[in-house]
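# Analysis of the macromolecular model
Here's the letter readout for the chains.
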Amino acid sequence: MRLLLLGGTEFAGRAVAETALGRGWEVTVFHRGRHQPPAGVRSLHGDRTAPDGLAALADDGDRWDAVVDTWSAAPRAVRDAARLLRGRAGRYVYVSSCSVYAWPRGTGYTEDAPPVPGAAADAGETDYARDKRGGELAAVEAFGADHSLLVRAGLILGPYENVGRLPWWLTRIARGGPVLAPGPRDLPLQYVDVRDLAEWILDSVEREASGPYNLVGPSGHATMGSLLDACAEVTGGPAELRWTDPEVILGAGIEPWLQLPVWLPPGSEGHVALYSADVSRALAAGLRCRPVTDTVADTWRWLRDIGGAPPQRPDRPAVGLDPELEVKALAAAESGKGSGSGSEA
């Protein structure tokens, strides 16, 4: 198999590249040259946001079995690449997002849920949800519904993460001491390991799949408790997880998701939207999810290998909780516990 990756040097794209190389595929990576691609790929350089930024692709004249595109900004960049590659690739795989669904979302939403309004294939950059939906429309417009695969990923974790969510928890727990652990412990999470995402994409290319798929593991494959327990286990630090009720956390002015990565209060619109997708279609199409302990251990190993400072995407806000705010929230939890409410046992 011959694969073209638009991107391919960071996180999801890198995982796809390495997985394809591991299968013996021929991999070409089109990128800006800011990061070193995996050893063994053929590189083409260009900037999709610049005039004539696709010149290297246009001049190359090569052909591929599939294109994998992880673009998450202006949809017209997907449109331009897909139009250029139409007739030179058998399938266009666009790594999209469950964010393309309109709010509010019902529990167990499927691929047939209504998308966000206002997206267009030829649009400039707007917001993440409409940009991703516009990218989907661009891929389908160029390659047709039968030759485009829309991978609607949710939360992605694992080695090479450049958003900082799991790396923050690992680093914080490794530091030790009392850790504000947002409850409840059994709060279901829904995510996909980036390597499982990559395996599924390549399997789907081989079986010539098309159409949209919600691509995350089943809700409850891990919980907040099993995730943080795994972090404590692999780091081996003297951390004490202090499980704290959502009301105490919100009352302290702590912002879910950004200040406490991964966590969203139970019953909130955010938790329903991020952690309750119906993934039966992806599971029936072969999605296999490794244990959370493997994801956490391998991410910790990667963090140590690179010196403990994970990369950070410039277009995403830094995540994590200020130590002083954590201390105040822990004190509030203890105070509430003493008065018969607040922190859970």
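Please refer to the structure higher up on the page.
Residues numbered from 1 in each chain as written. Predicted model: local features only at pLDDT ≥ 70, side-chain atom pairs only at ≥ 80, totals over all residues. Heavy atoms only, no water.

## Some details on the overall build of the protein chain
In terms of helices and strands, the protein chain carries twelve helices and 13 strands. Taken over C-alpha atoms, the radius of gyration comes to 21 Å for the protein chain, in line with the 20 Å a tight globule of 345 residues would show. Along the longest, intermediate and shortest principal axes, the C-alpha atoms of the protein chain span 70 × 40 × 40 Å. Counting only residues that meet the buried cut, the protein chain has 53% of its 345 residues in that class. Intrachain contacts of the protein chain at a sequence separation of at least 6 include 76% that bridge at least 24 residues. If you sum the accessible surface of the protein chain, you get close to 14,100 Å²; carbon and sulfur atoms cover 50% of it. (Helix = DSSP H or I, 4+ residues; strand = E, 2+ residues; numbered from the N terminus. Rg over C-alpha atoms; globule rule 2.2 N^0.38 Å. Buried < 20%, exposed > 50% of the residue type's maximum accessible area, 1.4 Å probe, protein only. Contact = heavy atoms within 4.5 Å. Areas by Shrake-Rupley, 256 points an atom, 1.4 Å probe, with all protein chains shown as cover.)

## So, the nonpolar core
Counting residues in each nonpolar core, the largest one holds 42 residues, and the members touching the most others are L3, W200 and I201. The set of elements that each furnish at least two residues to this core consists of β1 (2-6), α1 (11-22), β2 (26-31), β4 (66-69), β5 (92-97), β6 (148-153), α6 (194-206) and β11 (211-215). For this core, the element with the highest residue contribution is α6, accounting for seven residues. Grouped together as the second largest cluster of nonpolar side chains are 38 residues, L157, L180, A181 and L303 included. (Core = buried A, V, L, I, M, F, W, Y, C linked by side-chain atoms within 4.5 Å.)

## Quick look at the environment of G158
Residue placement: G158 occurs in the loop between β7 (155-157) and α5 (165-175). Discounting chain neighbours no more than four positions away, the residues touching G158 are F11, L166, V194, T295 and T299.

## Focus on the sheet that holds β4
Taken together, the seven strands give an open sheet; going across it, the order is β3-β2-β1-β4-β5-β6-β11, and neighbouring strands pair in parallel fashion. The strands lining the two open edges of the sheet, one partner per strand, are β3 (42-45) and β11. If you compare each strand with its neighbour and ignore which way they point, the axes differ by 20 degrees on average. Judged from the four bridges that link them, β1 and β4 form a sheet pairing that is parallel. (Pairing = 2+ DSSP bridges. Axes fitted to C-alpha atoms, helices over the stretch in contact; angles between N-to-C directions.)

## Here's the deal with the pattern of salt bridges
Across all of its chains, the model carries 24 salt bridges by this definition. Measuring nitrogen to oxygen at the nearest pair gives 2.7 Å for the salt bridge that ties D127 to R130. The exposure class assigned to R130 is partly exposed, which follows from its relative accessible area of 31%. With its nearest N and O atoms 3.2 Å apart, the salt bridge here joins R242 to E240. Salt bridges sharing common partners tie together D193, R195, D196, R290, D298 and R301. (Salt bridge = Lys/Arg side-chain N within 4 Å of Asp/Glu carboxyl O.)

## What to know about the packing of α5 against helix α7 (residues 224-235)
Relative orientation of the contacting elements α5 and α7 amounts to 55 degrees, with a least axis distance of 9 Å. Classified by the angle between their axes, α5 and α7 sit oblique to one another. The two elements α5 and α7 meet at a crossing, and its hand is right-handed. Touching L166, W169, L170, I173 and A174 of α5 are M224, L227, L228, C231, A232, V234 and T235, all from α7. Each residue belonging to the contact of α5 with α7 can be placed in one class, and the counts come to eleven nonpolar, one polar and no charged. (Parallel < 35°, antiparallel > 145°, perpendicular 65-115°, else oblique. Left-handed = near helix turned anticlockwise from the far one by under 90°. Nonpolar A, V, L, I, M, F, W, Y, C, P; charged D, E, K, R; others polar.)

Nothing here speaks to function; it is all geometry.
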